[in-house]
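# Coordinate inspection notes
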Amino acid sequence: MADDTVVGSAATSTTRAMFDYAPAPESRSVVDIASSYGLFIDGEFTDPVDGRSFKTISPASEEVLAEVSEASERDVDLAVRAARNAHTKVWSKMSGRERSKYLFRIARIIQERSRELAVLESLDNGKPIRESRDVDVPLVAAYFFYYAGWADKLQYAGFGPDPRPLGVAGQVIPWNFPLLMLAWKIAPALAAGNTVVLKPAETTPLTSLLFAEICQQADLPPGVVNIVTGAGETGRAVVAHPDVDKVAFTGSTDVGRSIAQTVAGTTKSVTLELGGKAANIVFDDAPVDQAVEGIVNGIFFNQGHVCCAGSRLLVQESVAQDVLDRLKRRMATLRLGDPLDKNTDIGAINSAEQLAKIRSLSDVGEAEGAGRWSPACDLPQHGFWFPPTIFTGVSQAHRIAREEIFGPVLSVITFRTPAEAVEKANNTPFGLSAGVWTDKGSRILWMADRLRAGVVWANTFNKFDPTSPFGGYKESGYGREGGRHGLEAYLAK
Ligand code: NAP
Ligand code: MG
C-alpha cells in the first residue's frame, strides 16, 4: 500500500499484522486527458467567445488535470440556437425508432469505453474506482439502454396517443455523480425527442466532455447534445435563456429555489432534484450484520456525497449499543486513500469548499454536545480528505440532524416505538429517501406508508435501477427521474 494512502484503524496493529493490502492502482494511461477543452456546440468543440477558462483538478492530489472553457451568456445562446435548430430540423422529425438506434449506439460505446470513463470520473471527482467502475458507469449504460427502449414506444407510456417533446431542455447537474446525473438527464430527454444544452459542475467537467466525444463517435446529429462548461453563472444563463422550454436541475435546495424564482411566470416546465437528510431506520429484529453493511453503504458510499445518503441513523434503543459496536468495528476496516486504488473504500472529498463545509458542520455537532468518533485514520498529505465519522447522542434539534452535511458523517439517533421512528424520520424539511431494516414484511409496508420520502429502501440502501422513478417531497424538490415517470418530464402535456 502506498505510504500516503490508506488507513483505517486497520489502524490497529493486530489487523495490520494479520494482513496488509498491496497497492492495486488502476492504470491512468487508459485515458487521454487533453491539456485544454473547448465547448461542445453543434457537434464540434469550439472556443468560447470571450476566451475564458478555468482549471479542473484531481481532488485526491490537487494536480491540475486540464484547462476547461468557461461558457458566457453568448456561448450559451449559441448552444441553445444549435439545440433549437437540431430539434426543429432533425430530431423532432426523426421517428422514435431512429432515435432509439442512436441511444443504443451511445449505450454500447459507453460500455466499450467503460474503463476509460471510470478512470476519468475517479480522477476528476475523487470517488473510488471500485464505485465508478462497478456502480456509476454500469448504471450510466443501463439508463441509456433503458431509455433507448422507450424511444419508439412513447405512445404506450400512458401519456396520450401521440406524446410530443417539449423542445430544448436546459440541464444543470452537480459534481457528486457527474456522468450518472448526465445520463439521468440526457437519456430520457433524447428518447422523448428533445435536444439538450447541459452544464456539468465546475469541479467535474471531464466525463461530460468525454461523453461529447462519444456523441461524435455515435454520429449523433450536430446540436442534439450540447455541453457548456462553466460555473454558477453559466448555469444561470442556461436556466434563464428565453428559448429553453424545459429546465432540469439537480443540486442544492438553495440554488433550486433561485431557479424556481427565475422560471416563475414563464412557460418553461421545471424539474428540481434537490437535497436530502434520509433516515436509515434499524429495528431490533433486523439482521444486524446486514444492517451494519447497509448503514456503511448508506453514508460512506461516495464519501457521503449522495443526495439520498442515509445520513441519520435511527436505531431502536434496545439494540443501539450492539449496532454501534459493530458499526465501529466495521468502520475501522474501511480503507481511505488513492481513488484509483482498487482496494479503496473512501476516496477524496470533491473540493476544498466542500471539505470546509463538512468540517464546519462537524465542529458545530461537537459544540452542540454530540459525541464524535472516527476510526484511527492517516489522511494523505495532499488533496481533500475527511475520515468516516459518527456522532452519537444527537438530538432532533441539532444542526447535524437537520442540515445536509454531504460528507462521510453520520448522526445517530435512537427511538423506542415504530410510531416514534416515523415521527423522527419525517421531522425534516427534506423528503428524498429512507431505509427500513426489519425482519417483518408487514412492518416494512406499515413504515413505507407513513414515511414522507420519494424512495423507501427495505433491507437495503442506495440501490438504483433505471426502471424505478426517483425524486423527492418537500424541500427535496419536484418531478421524478427514471422509469416511465422520467419520460413525463420531457413530454408536452
Ligand atoms: P449546487 O451548488 O446547487 O450546484 C449544482 C449545479 O448548479 C452546478 O452545476 C452548479 O455550478 C450550478 N449552479 C450554481 N449556481 C447556479 C445558479 N444560480 N443557476 C443555475 N445553476 C447554478 O449543488 P452542489 O453543491 O454542486 O451539489 C450538491 C447538492 O446537490 C446537494 O445538496 C445534493 O443533495 C444535491 N443533489 C441532489 C440529487 C437529487 O437527485 N436529488 C442528486 C445529486 C445531488 P457549479 O458547480 O459550477 O457551481
Ligand atoms: Mg475536478
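Residues numbered from 1 in each chain as written. Chains lettered and ligands numbered in written order. Predicted model: local features only at pLDDT ≥ 70, side-chain atom pairs only at ≥ 80, totals over all residues.

Under the annotation held in an unreviewed UniProt entry, the protein chain carries the name Aldehyde dehydrogenase and is attributed to uncultured Nocardioidaceae bacterium. We quote the UniProt Sequence similarities (unreviewed entry) comment for the protein chain here in full: "Belongs to the aldehyde dehydrogenase family." (UniProt positions renumbered as here; feature names shortened; annotations may be inferred.)

Next up on the list: the packing of helix α4 (residues 114-125) against helix α5 (residues 129-150). At a closest axis distance of 9 Å, the pairing of α4 and α5 adopts a crossing angle of 125 degrees. By the angle class used here, α4 and α5 are oblique. At the point where α4 passes α5, the crossing takes the right-handed sense. Facing α4, whose interface residues are Ser114, Leu117, Ala118, Val119, Glu121 and Ser122, α5 presents Ile129, Ser132, Arg133, Asp136 and Val137. Class assignment for the residues of the contact of α4 with α5 results in five nonpolar, three polar and three charged. (Axes fitted to C-alpha atoms, helices over the stretch in contact; angles between N-to-C directions. Helix = DSSP H or I, 4+ residues; strand = E, 2+ residues; numbered from the N terminus. Parallel < 35°, antiparallel > 145°, perpendicular 65-115°, else oblique. Left-handed = near helix turned anticlockwise from the far one by under 90°. Contact = placed C-beta atoms within 7 Å. Nonpolar A, V, L, I, M, F, W, Y, C, P; charged D, E, K, R; others polar.)

What follows is about the sheet that holds strand β1 (residues 36-37). Strand order in the open sheet formed by three strands is β1-β5-β4, and the pairing between neighbours is mixed. Of all strands in the sheet, those with a lone pairing partner are β1 and β4 (53-57), marking the two edges. As paired strands, β1 and strand β5 (residues 64-69) are joined by two bridges and run parallel to one another. Residue pairing in the sheet places tyrosine 37 in a bridge with valine 68 of β5. (Pairing = 2+ DSSP bridges.)

Note: interface size is frequently given as the accessible area lost on complex formation between the parts. Split by domain assignment, the protein chain resolves into domain 1 (31-274 + 476-492) and domain 2 (279-466). One C-alpha centre belongs to domain 1, the other to domain 2; they are set 30 Å apart. On the side of domain 2, 25 residues touch domain 1, which itself brings 22 residues to the contact. At the level of secondary structure, the elements contributing two or more residues to the side of domain 1 that touches domain 2 comprise α4 and α5. Ranked by residue count, the leading element in the side of domain 1 that touches domain 2 is α5, at seven residues. Across the side of domain 1 that touches domain 2, the residue classes break down as 10 nonpolar, eight polar and four charged. (Domains from an automatic or database assignment.)

With that out of the way, let us pick up the site of ligand 1. In the neighbourhood of ligand 1, 29 residues make up the surrounding shell, with Glu202, Gly232, Gly235, Gly251 and Cys307 lying closest. Broken down by element, the shell around ligand 1 gets its largest block of residues, four residues, from helix α8 (residues 232-240). For the shell around ligand 1, the per-class residue count stands at 13 nonpolar, 11 polar and five charged. Both domains that furnish three or more residues to the shell around ligand 1 are identified here as domain 1 (31-274 + 476-492) and domain 2 (279-466). (Near = placed C-beta within 6 Å.)

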